[in-house]
Amino acid sequence: MQKWIMSGLFFAACALAIVLMFTLPSREQAEQEAKPTLPEITMNAAGAEATVKANCISCHGDALQGAIGPNLQKIGSQLSAEQLYGIITKGKSGGSMPSFKDRLKEEEIANVAMWLADKK
Ligand code: HEC
């Protein structure tokens, strides 16, 4: 009788593990959901240039030619506005490219992302 209870519990645990394996979202899915989405705004080049001058040129160079950070002069041919928005919002490489989530408004980040996405 004891044995039956033990193996019953064992199988129940296995079944639960299998169910969890399929129902819990995979790591990849969770990351996708956490990806920030670009707010819909109209691009304003003068505003973007001012934001970039104040926040980015110290690392990316005064003409975005690259310094501590990479050259961004043709970044639009590699990254879309959505991808740029994600990088500027969340940062990259453990903070060597800082997150601007708390320093800039969503709209300002989106504006810069759209402005950079046009640089091809
Ligand atoms: C403290 C220095 C620093 C500042 C300030 C900074 N960046 Fe960066 N940025 C970096 C570094 C370093 C990298 C490279 C990260 C890596 O790929 O390892 C980077 C990478 C990037 C990338 C990705 C480039 C690629 O080829 O993948 C983009 C886009 C970018 N920065 C945009 C910006 C913008 C826009 C601003 C201003 C709002 C900004 N950065 C401010 C240091 C900085």
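Up top you'll find the structure we're talking about.
Residues numbered from 1 in each chain as written. Predicted model: local features only at pLDDT ≥ 70, side-chain atom pairs only at ≥ 80, totals over all residues. Heavy atoms only, no water.

Caption draft 1: Structural detail: the overall build of the protein chain. The secondary structure content of the protein chain amounts to six helices and zero strands. Scanning the protein chain from its N terminus toward the C terminus, one meets helices and strands in the order α-α-α-α-α-α. Looking at the 120 residues of the protein chain, the share that counts as buried comes to 26%. Counting contacts in the protein chain only where the partners sit at least 6 residues apart, residues at least 24 apart contribute 64% of the total. Summing over all exposed atoms, the protein chain offers an accessible surface of approximately 8700 Å²; the carbon and sulfur share of this is 59%. (Helix = DSSP H or I, 4+ residues; strand = E, 2+ residues; numbered from the N terminus. Buried < 20%, exposed > 50% of the residue type's maximum accessible area, 1.4 Å probe, protein only. Contact = heavy atoms within 4.5 Å. Areas by Shrake-Rupley, 256 points an atom, 1.4 Å probe, with all protein chains shown as cover.)

Caption draft 2: Geometry of the nonpolar core. Residues Ile 88 and Leu 116 are the most contacted members of the largest nonpolar core, which totals 20 residues. Not counting residues up to four positions away in its chain, the partners in contact with Leu 116 are Leu 64, Leu 72, Ile 75, Gly 76, Leu 84 and Ile 88. (Core = buried A, V, L, I, M, F, W, Y, C linked by side-chain atoms within 4.5 Å.)

Caption draft 3: Up close: the site of the ligand. Close to the ligand lie 22 residues, the nearest being Cys 56, Cys 59, His 60, Ser 93 and Met 97. At 2.7 Å from a nitrogen atom of the ligand is found a side-chain nitrogen or oxygen belonging to His 60. Between an oxygen atom of the ligand and a side-chain N or O atom of Ser 93, the distance comes to 2.6 Å. With respect to the detected pockets, the ligand is housed in the largest pocket. Residue composition of the shell around the ligand, by class: 14 nonpolar, seven polar and one charged. (Near = heavy atom within 4 Å. Polar contact = N/O pair within 3.5 Å; in protein donor to acceptor, adjacent residues only side chain to side chain. 1 Å grid on protein atoms, 1.4 Å probe; cavity = no way out; pocket = protein on both sides within 12 Å on 5 of 7 lines; lining within 4 Å. Sits in = over half its atoms within 2 Å of the grid points. Nonpolar A, V, L, I, M, F, W, Y, C, P; charged D, E, K, R; others polar.)

Caption draft 4: Region of the structure containing the side chain of Thr 89. The residue Thr 89 is located in helix α5 (residues 81-90) in this model. According to the relative accessible area criterion, Thr 89 is buried, its value standing at 7%. The residues contacting Thr 89, other than those within four sequence positions of it, are Pro 36, Ser 99, Phe 100, Lys 101 and Ile 109.

Caption draft 5: Here's a closer look at the side chain of His 60. With respect to the secondary-structure elements, His 60 resides in helix α4 (residues 57-60). Overall, the relative accessible area of 9% leaves His 60 in the buried class. For His 60, the residues in contact, after removing those within four places along its chain, are Gln 65, Gly 66, Ala 67, Gly 69, Pro 70, Leu 72 and Met 97.

Caption draft 6: Layout of the coordination of the iron atom of the ligand. The protein atoms that coordinate the iron atom of the ligand are His 60 (NE2) and Met 97 (SD), at distances spanning 1.9 to 2.0 Å. Taken together, the six donor atoms surrounding the iron atom of the ligand define angles of 87 to 180° at the centre, an arrangement classified as octahedral. In this pair, His 60 is assigned in helix α4 and Met 97 in the loop between α5 and α6 (106-117), connecting sequence segments 37 residues apart. When its relative accessible area of 18% is taken as the criterion, Met 97 is described as buried. (Donors = N, O, S within 2.8 Å, 3.2 Å for Na, K, Ca; no water. Tetrahedral: all angles 85-135°; square planar, octahedral: opposite > 155°, others 65-115°.)

Caption draft 7: Representation of the layout of surface pockets in the model. Roughly 480 Å³ of internal volume is contained in the largest pocket. Surrounding the largest pocket, 26 residues form its lining, His 60, Pro 70, Leu 72, Ile 87 and Met 97 being those nearest its centre. At the level of elements, α3 (45-55), α4, α5 and α6 are the ones that each hand at least two residues to the lining of the largest pocket. Considered class by class, the residues forming the lining of the largest pocket number 16 nonpolar, nine polar and one charged. (Points joined across faces, edges and corners; volume = space filled by probe spheres on them.)

Keep in mind that these numbers describe shape and distance, not what the molecule does.
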